[in-house]
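# Inside the fold
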Amino acid sequence: MSVREINFDGIIGPSHNYAGLSLGNLASARNAGAASYPRAAALQGLEKMRGNIRLGLTQGIFLPQWRPDVAWLSKLGTDVGNADPHIRAAAMSASSMWAANAATVSPASDTADGRTHLTVANLVTMPHRSHEWPQTLAQLRIAFSDDRAFAVHDPIPAPFGDEGAANHMRLTQSHGEAGVEIFVYGRSGGAFPARQHVEASKAIARIHGLDPARTLFVEQSTEAIAAGAFHNDVVAVANEHVLFTHELAFADKAAFYTALRGALPGVEIVEVPASAVSLADAIKSYLFNAQLVTLPDGGGMALVLPTEAQQTPAVWDWLEQMIAGNGPIRRLVPVDVRQSMANGGGPACLRLRVVADPADIDPRFLVDEERLDGIARIVSDFWPESIAPEDLGDTRLIARIEQAWLTLVDHLQLSGDLSP
């Protein structure tokens, strides 16, 4: 058995647009109404995946969803041509590209039955995301269909909002060993909604059969939520024994750190002080919405982060000082995901981490550079170059989006398993 961490990235879909649908997501709101560039966005995402492969990492994919979601519109008693603009935009949303919100994953070494458990996120706090889970669940059940190795679960019922791995961290001495699972939840009451409900997190821990002694429920700070950290992965990221976090990420960090050190004595906490990097700069640069990965060549850990971090002086100065020291994070890998960033999602948003044996996974969801080349050719030929808000009801655009999806699914030999 060859257990390793696999990053599954969402391929950015042909309907990628800036409708500003996500309350509390400052980048999404700031760019609402601007023209988007789906082709460039998808190619940027594929290039990020290519970079991960060159680091020696195992790379997976999730497909874009069928858009517009006519079944959802039908349940609302309307269709693309007659829907109000904000409902039409929600039906066209390409937000499933952010695979960190696809599910919560507990590796086999953490669960009572020795299988890897995945619970699809319900995303009920935002209308444009609330209708994603059926198509996400369909892909999860294909990719992880071996029920000897995996258990894939239905979403947690409403009203308990669950936004998946964006609010979940795991710490362990190494990926294949038993770990400590950390569920981060928020409390509503400020200007922006808290998206992860504590009851959803507790339900997932029970369903996954986690050891209560190695499971922590931690409250996100209201200060972080108010500053625009709509998910925990905007202010903290973990990998193996390292927690990389902003000083103001958690409501009671002292209690959290004490509990974490008790559960995992070898943990290293790398905390960025607010005096060096403000919450505003952390969120603007998406410093923590990065992939913190273990390099397979024994070179320590690398931080795959957006190029915006380089362009935020306080952030880059702190990072350069950090890697000049003797800490666990040894390498900085900036990547260009500007189209995703403009809609509020950085490198970490674009991927779901699954610790498993690749041999147990449907190979159609795993990629190498050659497979990425084939996907890139389809993106270049079929993805729209740009989409303006007023284009979303254009029947010609919709036909192109639908044809792009069908072509990709057929190319990946999934047309017999996935249907519009």
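For the structure itself, consult the block above.
Here the structure is a predicted model, which is why all the values come from computation and not from measurement. (Residues numbered from 1 in each chain as written. Predicted model: local features only at pLDDT ≥ 70, side-chain atom pairs only at ≥ 80, totals over all residues. Heavy atoms only, no water.)

### Considerations on the overall build of the protein chain
Cut-off, in case you're wondering: Runs of H or I in DSSP of at least four residues are treated as helices and runs of E of at least two as strands, each being numbered from the N terminus. Radius of gyration here is computed from C-alpha atoms only, and the compact-globule reference equals 2.2 Å multiplied by the residue count raised to the power 0.38. Throughout this description, buried means an accessible area under 20% of the type-specific maximum (1.4 Å probe, protein chains only), exposed means over 50%, and partly exposed covers the range between. Per-residue and other accessible areas follow the Shrake-Rupley method at a 1.4 Å probe size, with only the shown protein chains counted as cover for residues.
Along the backbone of the protein chain there are 14 helices and 16 strands. Rg of the C-alpha trace for the protein chain: 20 Å, near the compact-globule value of 22 Å for 420 residues, within the 12% margin. Once the C-alpha set of the protein chain is aligned to its principal axes, its extents read approximately 60 × 45 × 40 Å. Residues counted as buried form 60% of the 420 residues belonging to the protein chain. By element, 51% of the accessible surface of the protein chain is carried by carbon and sulfur atoms, the whole surface being about 15,600 Å².

### Considerations on the packing of helix α2 (residues 38-54) against helix α13 (residues 369-382)
Spelled out, the test is: With axes taken as lines fitted to C-alpha atoms, and helix axes fitted only over the stretch in contact, angles between N-to-C directions fall between 0 and 180 degrees. Oblique is the label for every angle not falling under 35 degrees (roughly parallel), over 145 degrees (roughly antiparallel), or within 65 to 115 degrees (roughly perpendicular). Here a residue-residue contact requires only that any non-hydrogen atoms of the pair lie within 4.5 Å. Charged means Asp, Glu, Lys or Arg here, nonpolar means Ala, Val, Leu, Ile, Met, Phe, Trp, Tyr, Cys or Pro, and polar covers whatever is left, Gly included.
Direction vectors running N to C along α2 and α13 enclose 175 degrees, while the axes themselves pass 10 Å from each other. It follows that α2 is roughly antiparallel to α13 by the angle criterion. Residue-level contacts link Arg-39, Ala-42, Leu-43, Leu-46, Met-49, Arg-50, Ile-53 and Arg-54 of α2 to Glu-369, Leu-372, Asp-373, Ile-375, Ala-376, Val-379 and Ser-380 of α13. When grouped by side-chain class, the residues that make up the contact of α2 with α13 number nine nonpolar, one polar and five charged.

### Digging into the packing of aromatic side chains
To be explicit about the condition: Here a Phe, Tyr or Trp ring, Trp counted by its six-membered ring, pairs with any other such ring whose centre lies within 6.5 Å, and the pair is stacked when the planes are under 30 degrees apart, edge-to-face when over 60, and tilted otherwise.
Throughout the structure, instances matching the rule amount to nine aromatic pairs. With 5.3 Å between their ring centres and 85 degrees between their planes, Trp-66 and Trp-405 make a pair best called edge-to-face. On the criterion of sequence distance, the pair formed by Trp-66 in the loop between β2 (58-62) and α3 (70-75) and Trp-405 in helix α14 (residues 395-411) is long-range, its members being 339 residues apart. When sorted by exposure, Trp-66 lands in the same class as Trp-405, which is buried. Between Phe-244 and Phe-288, the aromatic rings sit 4.8 Å apart at their centres with planes inclined by 45 degrees, giving tilted as the arrangement. Within this pair, whereas Phe-244 is found in strand β10 (residues 242-246), its partner Phe-288 is found in the loop between α10 (279-285) and β12 (291-294), the two being separated by 44 residues in sequence. For Phe-288, a relative accessible area of 0% puts it in the buried group. Among the aromatic residues, those joined into a ring-pair cluster are Phe-8, Phe-62, Phe-144 and Phe-150.

### Here we look at the side chain of His-16
Rule in force here: Polar contacts, as used here, are pairs of N or O atoms within 3.5 Å; protein pairs need one atom able to donate a hydrogen and one able to accept it. Residues neighboring in sequence count only if both atoms are side-chain atoms.
Among the secondary structure elements, His-16 is positioned in the loop between β1 (4-10) and α1 (26-30). Polar contacts involving the side chain of His-16 include one to the side chain of Gln-339, which spans 3.2 Å. Sequence-distant contacts of His-16, that is, excluding residues within four places in its chain, are made with Ser-36, Tyr-37, Pro-38, Ala-41, Ala-94, Met-97, Gln-339, Asn-343 and Ile-387.

### A short note on the sheet that holds β2
Defined as follows: Note on pairing: DSSP must find at least two bridges between two strands before they are called paired.
One open sheet accounts for four strands, arranged β15-β1-β2-β16; its pairing is mixed. Strands with a single pairing partner mark the edges of an open sheet, and in this sheet they are β15 (351-356) and β16 (366-367). One ladder, built from six bridges, connects β1 with β15; its direction is antiparallel. Among the inter-strand pairings, Asn-7 is bridged to a residue of β15, identified as Arg-353.

### Brief notes about the pairing of β10
When a strand is regular, its side chains alternate between the sheet's two faces. Across the five residues that make up β10, a large majority, five, are buried. In β10, alternate side chains face the same way, and those of Val-242, Phe-244 and His-246 on one face and Leu-243 and Thr-245 on the other are all buried. Sheet analysis places strand β9 (residues 236-239) next to β10, joined by four bridges and oriented antiparallel. Across the sheet, Val-237 pairs through a bridge with Phe-244, a residue of β10.

### Topic: the environment of Ile-323
Following the sequence through the fold, Ile-323 ends up in helix α11 (residues 313-324). Through-space distance from the C-alpha of Ile-323 to that of Ala-302 is 9.8 Å; in sequence the pair is 21 residues apart. Not counting residues up to four positions away in its chain, the partners in contact with Ile-323 are Ile-329, Arg-330, Arg-331 and Leu-332.

### Observations regarding the packing of α13 against α14
Here is the rule we go by: Handedness of a crossing is defined here by the sense of rotation of the near helix relative to the far one, left-handed for an anticlockwise turn of less than a right angle and right-handed for a clockwise turn.
Remark: α13 packs on α14, axes separated minimally by 10 Å, with the N-to-C direction vectors making an angle of 165 degrees. In terms of orientation, α13 lies roughly antiparallel with respect to α14. As α13 packs across α14, the resulting crossing turns out to be right-handed. Residues Gly-374, Ile-375, Ile-378, Asp-381 and Phe-382 of α13 form the contact with α14, whose participating residues are Arg-400, Gln-403, Ala-404, Thr-407, Leu-408 and His-411. Residue composition of the contact of α13 with α14, by class: five nonpolar, four polar and two charged.

### Some points on the side chain of His-208
Residue placement: His-208 occurs in the loop between α7 (198-207) and β8 (215-219). A polar contact is formed between the side chain of His-208 and the side chain of Ser-106, at a distance of 2.7 Å. Discounting residues that sit within four places of it in the chain, His-208 has contacts with Thr-104, Ser-106, Thr-111, Ala-112, His-117, Leu-118, Thr-119 and His-153.

### Here's the deal with unusual backbone geometry
Pro-68 follows Arg-67 through a cis peptide bond whose omega is 5 degrees. Here Pro-68 is to be found in the loop between β2 and α3. In this structure, Pro-159 follows Ala-158 across a cis peptide bond, with omega equal to 10 degrees. Along the polypeptide, Pro-159 turns up in the loop between β5 (150-153) and β6 (168-171). Its identity as a non-glycine residue notwithstanding, Leu-123 has a phi of 55 degrees, on the positive side. You can see Leu-123 is positioned in the loop between β4 (116-120) and α5 (127-130). Judged by its relative accessible area of 2%, Leu-123 falls in the buried class. Phi at Tyr-286 takes a positive value of approximately 55 degrees, unusual for a residue other than glycine. Within the element layout of this structure, Tyr-286 appears in the loop between α10 and β12.

### Observations concerning α14
Going by this rule: To estimate the expected span of a helix, subtract one from its residue number and multiply by 1.5 Å.
The first and last C-alpha atoms of α14 sit 24 Å apart over 17 residues, in line with the 24 Å expected at 1.5 Å per residue. The set of residues buried in α14 consists of Leu-397, Ile-398, Ile-401, Ala-404, Trp-405, Thr-407, Leu-408 and Val-409. On its buried side, α14 packs onto α4 (85-92) and α13. For α14, the N-terminal cap is Asp-394; the gap from its side-chain oxygen to the backbone nitrogen of Arg-396 is 2.7 Å. Backbone geometry just after α14 places Gln-413 at a positive phi near 60 degrees.

By themselves, these are just geometric observations and shouldn't be taken as functional.
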